[in-house]
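Geometric and topological summary
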Amino acid sequence: MTAVLWPWAAGALRRAAGIAALLALASFILGPLLTLLLWAFAGTWLFPNLWPEFSLRWWTYVLGNADVEKAIRMSLMSAPTATLISAVICIPAAYAFARLEFPAKRVLLLSFLSANAFPKIGLYVSIATLLYRLDLMDTFTGVVLIQLVNTLLFMIWIPTGTFRGINRNLEEAARDAGAGPLRTFFQITLPIALPGIIVAGLFAFIAAFDEAQGTLIVGTPNHMTMPVLMYNLVLSYPQPVGAVFSILLSLPSLVLLLLAQRYLRAGYLAAGYSL
Amino acid sequence: MTGTGLDPHAATPVPRRREGLRQGALGLALVLPPLLVLAFLVALPAVTAVIETLTPAGGGGPTLANYARVLGARTLRADIVFSVGITLVSVAVVFALSYPLALYLRFSRGRAARVLGVLFVVPLFVPVVIASFAMITFLVNHGFVSTLLYQAGVRAFPRLVYNGTGIVLTQVWVNIPFAVLILGAGLQAIDDALIDGARDVGAGPLRTFASIILPLNAVPTMIALTLLFIGVFGSFTIPYLVGGNAPAMLGVTMTNYLTQYLQRAQAVTIAVLAFLIASVVGVVYVASVSRRERGAR
C-alpha cells in the first residue's frame, strides 16, 4: 500500500495499485448515480434483469404534477434570494476582515464557524422554536432565513481569503492616482476578486438550494422546496418518480458548475477548503 | 511607495490615531450585518433553547426535569449510543479512505491520479437527499448490487440499507470529497524539499510519513476529523432515508419529536444534549482553526 504513495517506488506496482484503487472508487462513487440514472428512464425494472425496460412515462407524470411545479417555483425564488442577501451583507464584511484593522477581528471572523460547530439538525430545531414564537413558521421569510444560515460561511471565508491575496500596491496606486476608496474598490479590487466571489456565490447558492432538513422543519406544509418534496417522493412513490425528480433537482447546480468550471479548475475549490 | 504597502499581510503599523479609530469603526460597521444574522439565527436560538429546556412547563425556578425525562427513556438512551457509535465508525472509515487518497493525489502524477482527482469530488455536488436515494436504489434488497450478485450466482444478499451499515456507507460516500479536500490542502502546503531531505538521510516511506507528513499536517487533520464528527452526528437526511426505524440517530429522533409527536420541549432538550456532545469536539475544531489562522497571519 505504501508503495502507492511515493514517487520513487516501483513503477509497475504503483500503477497496478493505482488502477485497482481507481476502479474500486469509481464503482463506489459512480455506481449509485448510474443506478439512479437508469431508474429515471425505466418504465419497469424487474429484479434479476440487468437492464430496465426503458420508458419516459414517469417524466410526464412528474412534470405534470402540481406539487412539483410549486416546489420548483419555491426553490427558484428562495435560493437566489438567500444567496443575494448573503452576498450583499457578506462581501463588504469580507473586505473589512481582509483589509481593515478593528477590535476583536479574529474572534469575529472565527465566530462564523459557530454554525458549523453545532450539529446542524439541533440548530434547526432551535431556530424552529424561535421562528415559531415570531410566527415565521411555514413562511417564505422563514425558508430564506434557514437557507441564509448555510451560505454565511462560504460568503465570508472564501472572499476574505481572496481579498487578502490581492496585492495592496494595486489599490494604493489607484488611490495615489486620485481615485476615492469606493471607486478603488469597485474598479480595482472587486474585478480582481471576482473569480473568488463567483466561487463563493456558487457554493452559497448550492448550499441554499440543496438545504432540505431545515426547510422540512420550517417550511412544511405550504413552503416546500424541491429537496423537501424529494423526501416525500423517496418515501412514498415508486422509484422512477424519485429518480426523475433527482435529475430535475440536480440540474441547476450542474448548469452553474459547468458555467463556473474554469474558476473551479483554477484552484479556488481547494483554496476554499484551505481556509 | 509608502511603508505600509511593503507586505500585504502585515498589519498596518500603528497609523495615526484618528485614522486608526476611523478604520476600526468602519470595519466594525461593515462586519455588523452578517454578525447580526449570525446572532439572530445561531446564538439567539441556541440560548433560548437552553433556557427553554431549563424552564418547567408549569412555571417556577429552573429545573433539570426535561433532561431527566429524556435521559430516563430507554429508547432515547439507545438512540444516543447508536448515534455516537455510527458517527465514530463513519468518521473512522471516511478517514481511513481519505488519507491514503489525499496522499496519492499529492504525490502521484500519473493519469490514474488525474482521473481520481476529478472523480472523488463528484459527491460534493450531489445534494444529500439525492445521494441517499441513489444509495438506496444501489444497495437495497433487489437493487443493483443484489442484481449483480444474483447474476454472479450469489443467492444470499447482505442487508446493506435501512440499518446502520446503510448509514455508514452513505456517510462515507457523501463525506469523502470534503475530507480529501481538507487533508489535501494541508498536504499541498508541505514543502517537497522536506520530504526529499528525509529520503536523502535514508528514511523509508513509512518513516517519512510518521515523522514528517503526519505532524506537519496535524492541524488540517484535526479540522477534518472534528468537522466530520459534527457533520455526521448532526445529520438528518441520511439516517432518515437510509437508516432503520429503531434505534434512530438523534437527528431523526429530535425531528420526530418536533414534527410528528409535537413535543417541542422534548425535541429541544434532545437538541441541547446533541449540542453538548458535539461541543466537546467543537472546541477542538475552533482551537485548531484559530491555531492555523494565527499561523496564516
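Position numbers for residues start from 1 in each chain and track the written sequence from start to end. Chains carry letters and ligands carry numbers; both start at the beginning, A for chains and 1 for ligands, and go up in the order they are written. Per-residue local features of the predicted model are confined to residues with pLDDT of at least 70, and side-chain atom pairs are confined, for both listing and counting, to 80 or more; whole-chain, interface and lining totals are unaffected and use all residues. To obtain the side-chain values, all non-hydrogen atoms of the structure were used and water was disregarded.

1. Quick word on the overall build of chain A
Think of it this way: any DSSP run of H or I at least four residues long counts as a helix, any run of E at least two long counts as a strand, and we number them from the N terminus. Within chain A one finds 13 helices and two strands. Across its three principal axes, chain A shows a C-alpha extent of roughly 75 × 65 × 35 Å. Restricting to contacts in chain A with at least 6 residues of sequence separation, those with at least 24 account for 68%. Entry remark: accessible area of chain A is about 11,700 Å², with carbon and sulfur atoms responsible for 69%. Here, residues are in contact when the closest pair of their heavy atoms is within 4.5 Å. For accessible areas, the Shrake-Rupley method is used with a probe of radius 1.4 Å. Any residue's cover is judged against the shown protein chains and nothing else.

2. Looking at the nonpolar core
Residues and elements named next belong to chain A. Here the nonpolar core consists of buried residues drawn from Ala, Val, Leu, Ile, Met, Phe, Trp, Tyr and Cys, with membership extended through side-chain atoms lying within 4.5 Å. Residue exposure (1.4 Å probe, protein chains only): buried if accessible area is under 20% of the type maximum, exposed if over 50%, otherwise partly exposed. In terms of nonpolar packing, the biggest core is built from 182 residues, with Phe-112, Trp-157, Phe-163 and Phe-245 touching the most fellow members. In terms of residue count, helix H3 (residues 66-99) provides more of this core than any other element does, 14 residues in total. If sequence neighbours within four positions are ignored, Phe-163 has contacts with Ile-91, Ala-94, Tyr-95, Ala-98, Arg-99, Phe-185, Thr-189, Ala-193 and Ile-197.

3. As for helix H7 (residues 164-188) of chain B
Residue and element names in this part refer to chain B. Helix span, expected: 1.5 Å multiplied by one less than the number of residues in the helix. With 25 residues, H7 ought to run about 36 Å at 1.5 Å a step, and its terminal C-alpha atoms sit 35 Å apart, in line with that. Values of bend correspond, residue by residue, to the angle between axes fitted over the seven residues ending at that residue and the seven starting there. Of all the bends in H7, the largest measures some 45° and sits at Asn-175, one to four residues before the proline Pro-177. For H7, the tally of buried residues reaches 22 of 25 residues, placing the bulk of the element in the interior. By the criterion applied in these results, polar contacts are pairs of N or O atoms within 3.5 Å in which, for protein atoms, one can donate a hydrogen and the other can accept it, and in which residues neighboring in sequence qualify only through two side-chain atoms. Two or three places before Thr-165, at the opening of H7, Asn-163 has a side-chain oxygen 3.2 Å from that residue's backbone nitrogen.

4. Here's the deal with the environment of Arg106(B)
All names here are of chain B. Following the sequence through the fold, Arg-106 ends up in helix H3 (residues 74-107). Separated by 84 residues in the primary sequence, Arg-106 and Arg-22 place their C-alpha atoms 45 Å from one another. Beyond its immediate sequence surroundings of up to four residues, Arg-106 is in contact with Leu-187, Gln-188, Ile-190 and Asp-192.

5. Here's the deal with the pattern of salt bridges
Think of a salt bridge as a Lys or Arg side-chain nitrogen and an Asp or Glu carboxyl oxygen that are within 4 Å of each other. Tallied over the entire structure, the rule returns eight salt bridges over all chains. Between Glu101(A) and Lys105(A) there is a salt bridge, and its shortest N-O distance comes to 3.6 Å. When its relative accessible area of 11% is taken as the criterion, Lys105(A) is described as buried. Taking the shortest distance from any N to any O, the salt bridge between Asp196(B) and Arg199(B) comes out at 3.9 Å. With a gap of three residues between them, Asp196(B) and Arg199(B) both fall in helix H8 (residues 192-200), about one helical turn apart. For Asp196(B), a relative accessible area of 34% corresponds to the partly exposed category. For Arg199(B), a relative accessible area of 35% gives the class partly exposed. Three or more residues joined by partner-sharing salt bridges are found here, namely Arg133(A), Glu52(B) and Arg264(B).

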